[in-house]
Structure formats: structure tokens, C-alpha cells
Amino acid sequence: MVLIVDDIKANIIALKKTLELHDIDVDTAESGEEALKKILKTDYCLIIMDVQMPGLDGFEVVKILSGNKRTKDIPVIFLSALNIEKKYIFKGYETGAVEYITKPVDSDLLMLKVKTFLKLYEQQRELKGIKELLSKEIIIRKEAQDNLEIKIAERTKELVLKNEELEMKNHELQQFSWVVSHDLNEPIRKIQIFIKIIKELYLADDVKAIDYVNRTIKSAERMQTLITDLLAYSRLSSQVKPESTDMNEVLQEVLSDFDYLIERKNATIKTNELPTIDSIPSQLRQVFQNLIGNALKFSGNSQHPLIEITSELISDKSFDSPVAADGKFCRITVKDNGIGFDEIYLDRIFIIFQSLNDRQSYEGTGIGLAIAKKIIEKHNGLITAKSQVGKGASFIIVLPLKYE
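Residues numbered from 1 in each chain as written. Predicted model: local features only at pLDDT ≥ 70, side-chain atom pairs only at ≥ 80, totals over all residues. Heavy atoms only, no water.

Draft legend 1. Seen up close, the packing of aromatic side chains. A full pass over the atoms with the stated rule returns three aromatic pairs. With centroids separated by 6.3 Å and ring planes inclined at 85°, the aromatic side chains of F350 and F395 adopt a geometry described as edge-to-face. Taken as a pair, F350 in the loop between α10 (346–349) and α11 (368–378) and F395 in strand β12 (residues 393–400) lie far apart in primary sequence, 45 residues in all. Taking relative accessible area as the criterion, F395 reaches 8% and is therefore assigned buried. (Phe/Tyr/Trp six-rings, centres within 6.5 Å; stacked < 30°, edge-to-face > 60°. Helix = DSSP H or I, 4+ residues; strand = E, 2+ residues; numbered from the N terminus. Buried < 20%, exposed > 50% of the residue type's maximum accessible area, 1.4 Å probe, protein only.)

Written out as C-alpha cells, the structure reads:
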């Protein structure tokens, strides 16, 4: 709405009709005092004000409006037929008016300016509304951020306490594992000793009794192996600092341990140069022991078991990553020509106590590959396998050269 302020009624009527022809809502006041009362009660988009009026003149009214926070942004156009000198025009702008027009007025020019200021006023109001919304949004987000930081601090503190508690429990579990291992192994050792004494001293001529005794001894040995493997699995939770490790040395140590079995099975071992990586040597040694031990164990009826251990540098931590001379990862493959397995059971072979084969035919606890998987994961690596029944198996390991 536009407010017209003039002490001459004829001027008000003429200007009002001009504005209403352009669908502009109009309100009027015949003095500065009346205008102030209306402005305080109503929001106007524009004020068109005569300068020379009895009582408060136009300059005084605009000066009052400029000092009020609610009304200081309302645009004012001065209209004057008497005060047309430059000093009055300057004074009009100094008091806060946006335009000073002298009479006679060009109605087309006046309407152009009125519409322009109305549009600017609406845009200012929209910007003000957006500014208020943004201010509220900033306050809301700041409160949310503060709350989030408090929650994060609380959660961090909670996680630190839980981590300390977990470390304590891990330490207690390791101590418990050692005690249980000793307490379980000791009676098994005595059972083995006494059974062997009975066999040698009292059962020399009883074939059936010797068979039962031999079965008992083998069961005790399986129990002892199971306890040893469980203890090895529990040890993997402990924190050990990695060190630079020549994989060739680790592999040669493992092959040296299997010398007798390799010779007895007439097996052929083929290897190429392995890299030096950051690792825990004793744990990688265990991985090779499990994989090569399985390859020898599950060689089946093959007259010439063949085990190939190869390595290549690759660019990414992926089983299918391309070979790269400057790669930051290595892919190690342990391949055999043994009995193999059906790949539909791939997920099972890395789970503790899972075995795909008859334990009467192939001794084992079902823990070896679970240990291998846990060790590789502790080294930020990957392990999988490919196989076909009767056509051997390939175990593929991906490890970073540098431990992070």
C-alpha cells in the first residue's frame, strides 16, 4: 500500500486516481501528524509526501521516520511545487528520501518511479525474510552442532572406557587360555604315557586290545592338537608390532619343517622370489604352515604332489588387481594338485571348526584356515581360494608391503 501525504485535498485526489488506475492500493493523510499516526499502525510500501505543509512539514516527518527502526526503510518520494531550489532537493535526500520530484509532475515518469520503488521494497522484504530464516537456521544448526559435539565427546569417552575394559578382558582371556592349555594338556600327557606303558607291558600279544589302545592314543593326540590350535587362535588378539620381514626366509623355515613329509610324499615344491613386507613373522610363518601343511595332507592318491608358491606385485588391494612393478601390494598364491573342494563351500572353510573332509581319513581340527584368515586380516590383507573337486586348490593372499 502507498501513503499519499498532502495538505491540499485536490492534489491527493488527483494522485490517488492516477495510482488506482495502475491497481495500486492507496491510503491518504492531510498532515504530517496524521501521516505519522497512520504509519505507526500500518505497513506501507511507499510514501509520496508533499514538502510544504502546516505543522510538521515533509522534511520533519521523514526525519522522524528515519530515526525509527520499524519505519526507517520505507522509501519516501518528495513532491514539491514551491521548494524547487537545489538546497531543498539536497535537504530532501539528506533527511532520507529516495527521490525528490518537482511539480508539475510527469505522471508517466512518476508511475515508473513508483513501480520501481514498490518492486525494490518487495525485494528488500523478501531478502529480509530470507535473512531472518537464515539467521534462525544458523542458530538451529549451531545448537545442533553443539549438541553433536557434546554427544561425540560423551561417545568418545564411553568408547575409550569400553576399549580399556576390552583390553583388560583380552589380557585376562589370554592368561586364562595359558592356564587352561596347561591344565588340559597335563592330564592328556599322562593319559598318553600310561596308555603306552600298558600297551608295552601288558598287551604285547593281544592284537584287539592294541588296536583299541592305538585309537585311544590317536584321540589323545587329536585333543592335544586341538588345544594347541585353540591357544594359537586366542593369541591372535594380542597386539604385536610389525617388522620388516623377508618372506623368502619365512617360507624356507616352513619348508625345512616339512622336509620329512615332503620327502615321504615325494612332493615337488616350486617357488619364485617373494617380497619383503611389514609383518609379524611368527604369524605369517603360521599361515604358510597351515596352507602348505594342507596341500601335503590333501594330496590324495597323487604319486607326485606338486605345490607352487608364487608372488607378484599389484597396484590395488584386490584379488583381480593388475600386476604393477611399483605396486604397493603383493599377491601370493599357494597352488596344489590335490583333492580340491567344491567352491560352494568356500565360505565355510575359513570358519573355525569347519572341515569339508572326513576326519577319519584326514586328521585335523578345522582351525588352521580360520587362523590363517584372522592373521591375514590383522595384516590388513585379503585371503580367498579357488578350487575344483579332484583338480587341486589355489589359496590367494593379498598383503600390503607397508603396514598401516
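Draft legend 2. Summary view of the pairing of strand β2 (residues 26–29). Where strand β1 (residues 2–5) meets β2, four bridges bridge the pair, whose relative direction is parallel. For V5, the partnering residue across the bridge sits in β2 and is A29. (Pairing = 2+ DSSP bridges.)

Draft legend 3. The packing of helix α7 (residues 247–257) against helix α9 (residues 281–297), seen in detail. The N-to-C vectors of α7 and α9 enclose an angle of 50°; their axes lie 9 Å apart at closest approach. On the basis of the axis angle, α7 is oblique to α9. With respect to the hand of their crossing, α7 and α9 are arranged in right-handed fashion. Between α7 and α9, the residues in contact are M247, V250, L251, E253, V254, L255 and D257 and P281, L284, R285, F288, Q289 and I292, respectively. When its residues are assigned to classes, the contact of α7 with α9 shows nine nonpolar, one polar and three charged. (Axes fitted to C-alpha atoms, helices over the stretch in contact; angles between N-to-C directions. Parallel < 35°, antiparallel > 145°, perpendicular 65-115°, else oblique. Left-handed = near helix turned anticlockwise from the far one by under 90°. Contact = heavy atoms within 4.5 Å. Nonpolar A, V, L, I, M, F, W, Y, C, P; charged D, E, K, R; others polar.)

Draft legend 4. The sheet that holds strand β11 (residues 382–387), seen in detail. With mixed pairing, five strands are arranged side by side in an open sheet as β7-β9-β10-β12-β11. Both outer strands of the open sheet, β7 (268–271) and β11, are each paired with one neighbouring strand and no more. Along the sheet, successive strands turn relative to each other by an average axial angle of 15°, direction set aside. In terms of strand pairing, β11 meets β12 through six bridges, oriented antiparallel. Bridge pairing in β12 places K386 opposite S394.

Draft legend 5. Inspection of the environment of K37 at higher detail. Here K37 shows up in helix α2 (residues 32–41). Between the C-alpha atom of K37 and that of K87, which follows or precedes it by 50 residues, the distance is 29 Å.

Draft legend 6. Quick look at the packing of α2 against helix α3 (residues 58–66). It is at 10 Å that the axes of α2 and α3 come closest, and there the two elements cross at 25°. The angle between α2 and α3 places the two elements in the roughly parallel class. For the element pair α2 and α3, the recorded crossing hand is right-handed. Contacts from G32, L36 and I39 of α2 reach α3 at V61, I64 and L65. Across the contact of α2 with α3, the residue classes break down as five nonpolar, one polar and no charged.

Draft legend 7. Seen up close, the pairing of β12. With eight of eight residues buried, β12 lies mostly within the body of the structure. Where burial is concerned, the two faces of β12 agree: the one with A393, F395, I397 and L399 and the one with S394, I396, V398 and P400 are both buried. Both strand β10 (residues 329–336) and β12 contribute to a ladder of seven bridges, which runs antiparallel. Of the residues in β12, the one forming a bridge with I332 is I397. The hairpin formed by β11 and β12 contains five residues between the paired strands, and G390 there has a positive phi angle of roughly 80°.

Draft legend 8. Representation of the nonpolar core. If you look at the biggest cluster of nonpolar residues, it comprises 39 residues, and the most contacted ones within it are F288, I292 and F395. Sorting the residues of this core by element identifies α7, α9, β9 (306–314), β10, α10, α11, β11 and β12 as the ones contributing at least two each. With seven residues, the single largest contributor to this core is α9. With 20 residues, the next largest nonpolar core counts V5, M53, F59 and V76 among its residues. (Core = buried A, V, L, I, M, F, W, Y, C linked by side-chain atoms within 4.5 Å.)

Draft legend 9. Expanded view of the UniProt feature "modified residue: 4-aspartylphosphate" (unreviewed entry) in the chain. Look at the UniProt record and you will see "modified residue: 4-aspartylphosphate" (unreviewed entry) annotated at D50. Mapped onto the secondary structure, D50 falls in strand β3 (residues 46–50). (UniProt positions renumbered as here; feature names shortened; annotations may be inferred.)

Draft legend 10. Fine view of the environment of V61. Mapped onto the elements of the fold, V61 is located in helix α3. Under the relative-accessibility criterion, V61 is labelled buried at 0%. On a C-alpha basis, the gap between V61 and K297 in space is 105 Å, while along the polypeptide they are 236 residues apart. Once residues within four sequence positions are removed from consideration, V61 is found in contact with G32, L36, M49 and L56.

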